[in-house]
Amino acid sequence: MQWKGRRASTNVDDRRGVSGGGIAAGGGVIGVIIFLIYQFLGGGGSDMSQLPQVLPGGGAQQEMSAEEKAADDERAEFVKVVLADTEDVWGKLFSDMGQTYEAPRLVLFRDAVQSACGNASAAMGPFYCPGDKQVYIDLSFYQDMQTKLKAPGDFAMAYVVAHEIGHHIQKLNGTSDKMSRLRQTMSETEYNKYSVKLELQADFLAGVWANHAQQMKNILEAGDIDEALNAANAIGDDRLQKEAQGRVVPDAFTHGTSAQRMYWFKKGFTTGDVSQGDTFNAPDL
Ligand SMILES: [Zn+2]
């Protein structure tokens, strides 16, 4: 992705230097997976087992080498540019519809953070919290994508950011509020179907963003869309579950299969048309 030398968003709250936000040891971390955290990774038990050890006092951060710090800072800069791209694209699309886009803030953190959706750890992956309209990203996720998920490339990370911004769009247009009302009325299995639709729509919106960012700024390099599709493939519920437990449990899907995630991102990218992303009424979902 072409990103150097372009505008970086100022809607970023860089809390990488701030330790844990007072998260206590043990059960405290595990007990706080709160209603309406839209984790990027599937919310299964596998993620929980990877929770980092947080020592009492929360002060157990590993020091980074100068090299690691430089790489981390470059990733932070990259995320700020992608965020600016989402502001420009969604600002234009909203204004085309006669509306004003209210840009979200993005919090960069390391290890653990507090949000209006509760405490969160890096192991949960990036997420959007509708309660405070903020995106939360621990940049170590970028490395996990390369090594654990085999989804390398800068555009894979751009897709992650654009997906979370997709959830912000769903907050602005009332979809996520509708979802939280629905959640009170149904069983978890039933609700998971809606969660999949919500997640796939966020993938679709990420694709719409990529389409317009390309039109407006010519950002794409060869292989970028494949990087995003590969990432969508890597983080499908079926694949994550299979890797974690050796089998696939469709009822526990909350984000969609690899094939579905790739399909909806691609549909957003090829059409660039927000009105074609009604995953809630898609006959095959
Ligand atoms: Zn999501």
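Residues numbered from 1 in each chain as written. Predicted model: local features only at pLDDT ≥ 70, side-chain atom pairs only at ≥ 80, totals over all residues. Heavy atoms only, no water.

## Looking at the overall build of the chain
- Within the chain, the secondary structure is distributed over 10 helices and 7 strands.
- For the chain, the share of sequence-separated contacts (at least 6 apart) that also reach a separation of at least 24 residues comes to 77%.
- Per element, the accessible surface of the chain, about 12600 Å² overall, is 49% carbon and sulfur. (Helix = DSSP H or I, 4+ residues; strand = E, 2+ residues; numbered from the N terminus. Contact = heavy atoms within 4.5 Å. Areas by Shrake-Rupley, 256 points an atom, 1.4 Å probe, with all protein chains shown as cover.)

## Quick notes on the coordination of the zinc ion
- Coordination of the zinc ion by the protein comes from His163 (NE2), His167 (NE2) and Glu199 (OE), over a distance range of 1.9 to 2.1 Å.
- All donor residues of the zinc ion come from one chain, and their arrangement in sequence is H-x3-H-x31-E. Separated by 32 residues along the polypeptide, histidine 167 in helix 5 (residues 154–172) and glutamate 199 in helix 7 (residues 188–217) bring together distant segments of the chain. Pair check on accessibility: histidine 167 and glutamate 199 agree, each one buried. (Donors = N, O, S within 2.8 Å, 3.2 Å for Na, K, Ca; no water. Buried < 20%, exposed > 50% of the residue type's maximum accessible area, 1.4 Å probe, protein only.)

## Overview of the packing of aromatic side chains
- Per the stated rule, a full pass over the model turns up 8 aromatic pairs.
- Taken together, a centroid distance of 5.3 Å and an interplanar angle of 85° make the contact between tryptophan 3 and phenylalanine 78 edge-to-face. Residue tryptophan 3 is located in the segment before strand 1 (12–15), and its partner phenylalanine 78 is located in helix 3 (residues 66–96); the two are separated by 75 residues in the primary sequence. Per residue, the accessibility class of tryptophan 3 equals that of phenylalanine 78, and both read buried.
- The interplanar angle of 15° and the centroid separation of 6.0 Å between the aromatic rings of phenylalanine 155 and tryptophan 209 together place this pair among those described as stacked. Separated by 54 residues along the polypeptide, phenylalanine 155 in helix 5 and tryptophan 209 in helix 7 bring together distant segments of the chain.
- Classification of tryptophan 209 by relative accessible area gives buried; the value is 1%.
- Cluster of aromatic residues (ring-pair linked, three or more members): Trp90, Phe94 and Tyr101. (Phe/Tyr/Trp six-rings, centres within 6.5 Å; stacked < 30°, edge-to-face > 60°.)

## Details of the environment of alanine 213
- Mapped onto the fold, alanine 213 is located in helix 7.
- Residues alanine 213 and aspartate 88, 125 residues apart in the sequence, show an inter-C-alpha distance of 8.1 Å.
- Apart from residues lying up to four places away in sequence, alanine 213 is in contact with Val89, Asn218 and Ile219.

## Quick look at unusual backbone geometry
- Backbone geometry places lysine 150, a non-glycine residue, at a positive phi of 55°.
- Examined against the element boundaries, lysine 150 turns out to sit in the loop between helix 4 (140–147) and helix 5.
- Phi at asparagine 218 takes a positive value of approximately 55°, unusual for a residue other than glycine.
- For asparagine 218, the location among the structural elements is in the loop between helix 7 and helix 8 (224–234).
- Given the relative accessible area of 54%, asparagine 218 is considered exposed.

## Focus on the state of the cysteines
- Taken as a whole, this structure holds 1 disulfide when the rule is applied.
- Here cysteine 117 engages in a disulfide with cysteine 129; their sulfurs sit 2.1 Å apart. The disulfide joining cysteine 117 to cysteine 129 has a torsion of about 95° about its S-S bond and is therefore right-handed. Taken together, the residues span a long stretch of sequence, with cysteine 117 in the loop between strand 4 (112–115) and strand 5 (118–121) and cysteine 129 in strand 6 (residues 127–129) at a distance of 12 residues.
- Residue classification places cysteine 129 among the buried residues on the basis of a relative accessible area of 0%. (Disulfide = S-S within 2.5 Å.)

## Considering the packing of helix 8 against helix 10 (residues 258–271)
- In contact at an axis separation of 7 Å, helix 8 and helix 10 are set at 150° when each is read in the N-to-C sense. The handedness of the crossing between helix 8 and helix 10 is right-handed. Contact with helix 8, carried on its side by Ile225, Ala228, Leu229, Ala232 and Asn233, involves Ser258, Arg261, Met262, Phe265, Lys266 and Phe269 of helix 10 and no other residues of that element. (Axes fitted to C-alpha atoms, helices over the stretch in contact; angles between N-to-C directions. Left-handed = near helix turned anticlockwise from the far one by under 90°.)

## Structural notes on helix 8
- Three or more residues of helix 8 are buried, namely Asp224, Ile225, Ala228, Leu229, Ala231, Ala232 and Ala234.
- On its buried face, helix 8 is in contact with helix 4, helix 5, helix 9 (237–245) and helix 10.

## Describing the side chain of glutamine 170
- Within the fold, glutamine 170 resides in helix 5.
- Of the residues examined, glutamine 170 reaches a relative accessible area of 0% and is grouped as buried.
- Ignoring sequence-local partners within four residues, the contact set of glutamine 170 consists of Thr175, Ser176, Leu198, Gln201, Ala202 and Leu205.

Shape descriptors only; they carry no functional weight alone.
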